[in-house]
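Secondary and tertiary structure notes
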Amino acid sequence: MSIIYKPTGRAAEYAEYAANLYSGCSHKCKYCYAPAALRRSKEEFHANPKPRTKILESLEADCKKMNPCSVLFSFTTDPYQPIEEESGVTQQGIQTLKKYGFAVEILTKGGMRAAKDFDLLDERDAFATTLTFLNKTDSLEWEPDAAEPQERIEAMKIAHARGIKVWASLEPVIDPEQSLEIIRQTHSFVDLFKVGKLNHHPLASTINWHSFGHRAKKLLEELGKNYYLKHDLRLQM
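Here is a short report on the structure shown in this document. (Residues numbered from 1 in each chain as written. Predicted model: local features only at pLDDT ≥ 70, side-chain atom pairs only at ≥ 80, totals over all residues. Heavy atoms only, no water.)

When its secondary structure is counted, the chain shows 10 helices and eight strands. Against the 2.2 N^0.38 benchmark of 18 Å for 237 residues, the chain shows a C-alpha radius of gyration of 17 Å, consistent with a compact globule. For the chain, the proportion of its 237 residues judged to be buried stands at 53%. A sequence separation of at least 24 residues applies to 73% of the contacts in the chain between residues at least 6 apart. Carbon together with sulfur atoms contributes 50% to the accessible area of the chain, which is approximately 10,900 Å² in total. Between the centroid of the 32 positive side chains of the chain and the centroid of its 32 negative side chains there is a distance of 4 Å. (Helix = DSSP H or I, 4+ residues; strand = E, 2+ residues; numbered from the N terminus. Rg over C-alpha atoms; globule rule 2.2 N^0.38 Å. Buried < 20%, exposed > 50% of the residue type's maximum accessible area, 1.4 Å probe, protein only. Contact = heavy atoms within 4.5 Å. Areas by Shrake-Rupley, 256 points an atom, 1.4 Å probe, with all protein chains shown as cover. Lys, Arg positive; Asp, Glu negative; His and termini not counted. Charge placed at Lys NZ, Arg CZ, Asp CG, Glu CD.)

Dropping the structure here:
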């Protein structure tokens, strides 16, 4: 079973290679696309996350037969959801990649759960966090079991201070004003912003994506930041 794969579609805009170490995710984000993509019910997907069968053995087998590259954890799950504290699969996965000369990218809403593994990362690696809100109440409504926004931001600050590249995933944008404020409040310790619109939700049709896209681009350029606007958003500008 191959674990490291080349993402397609929207995910391909974020990483050339990726691996999903867990099946399911307990964060229960309302906007999560993974259940539909994996053809699983939301209830099943969020209720019983677990490490994929023989995941570490399969990951090592892939590493042995591939040229070293950068691999992202994860797209269809979260590498630092609460179960990671028990299983340590992400930690072991990082160690496996580094053993074979691979670079690691982490994309998580797990906040400080990720910080324990920062000593495994170096300047070749990257730590990324999805940031949708600054308002705790909004975050609890939309992503009830993910780390609170300020905890995610604190983890990013720590990674930056340790010399690890940091990027922020502003996708999905749910409240444009909060997304713009996230940029203002985090730009000093974020190396790259990746911005994408909300999809497959009724709220998406109420947002002026043309205006938001141009405002985000202008702000990022004024701040001198590296950024990537995802294809779906660029189409609306």
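Before going further, it helps to spend a moment on the sheet that holds strand β8 (residues 226-229). Spatially, six strands are ordered β3-β4-β5-β6-β7-β8 in an open sheet, and the strand pairing comes out parallel. Of all strands in the sheet, those bounded by a partner on one side alone are β3 (70-73) and β8. For this sheet the average axis-to-axis angle between neighbouring strands, irrespective of direction, equals 20°. Packing of helix α5 (residues 89-99) onto the sheet brings it into contact with β3 and β4 (103-108), and relative to β4 it is tilted by some 155°. Together, β6 (165-173) and β7 (192-197) form the strand contacts of helix α8 (residues 176-186), whose direction differs from that of β6 by roughly 170°. (Pairing = 2+ DSSP bridges. Axes fitted to C-alpha atoms, helices over the stretch in contact; angles between N-to-C directions.)

Before going further, it helps to examine unusual backbone geometry. Serine 74 follows phenylalanine 73 through a cis peptide bond whose omega is 0°. Here serine 74 is to be found in the loop between β3 and α4 (84-87). In this model, glutamate 171 is joined to proline 172 through a cis peptide bond whose omega is 5°. Along the polypeptide, proline 172 turns up in strand β6.

Turning our eyes to something else, we now look at the nonpolar core. Counting residues in each nonpolar core, the largest one holds 58 residues, and the members touching the most others are Ile4, Val71, Phe73, Leu97, Phe127 and Val195. Formed by 10 residues, the second largest nonpolar core is a distinct cluster that contains Tyr14, Ala15, Ala18 and Trp167. (Core = buried A, V, L, I, M, F, W, Y, C linked by side-chain atoms within 4.5 Å.)

One way to put it is that helix α3 (residues 55-65) packs onto α5 with a least axis distance of 10 Å and a crossing angle of 15°. In terms of their interaxial angle, α3 and α5 are classed as roughly parallel. Handedness of the crossing formed by α3 with α5: right-handed. Taking contact as the criterion, the partners of Ile55, Leu56, Leu59, Glu60 and Cys63 in α3 are, on α5, Val89, Gln92, Gly93, Thr96, Leu97 and Lys99. Looking at side-chain class alone, the contact of α3 with α5 contains six nonpolar, three polar and two charged residues. (Parallel < 35°, antiparallel > 145°, perpendicular 65-115°, else oblique. Left-handed = near helix turned anticlockwise from the far one by under 90°. Nonpolar A, V, L, I, M, F, W, Y, C, P; charged D, E, K, R; others polar.)

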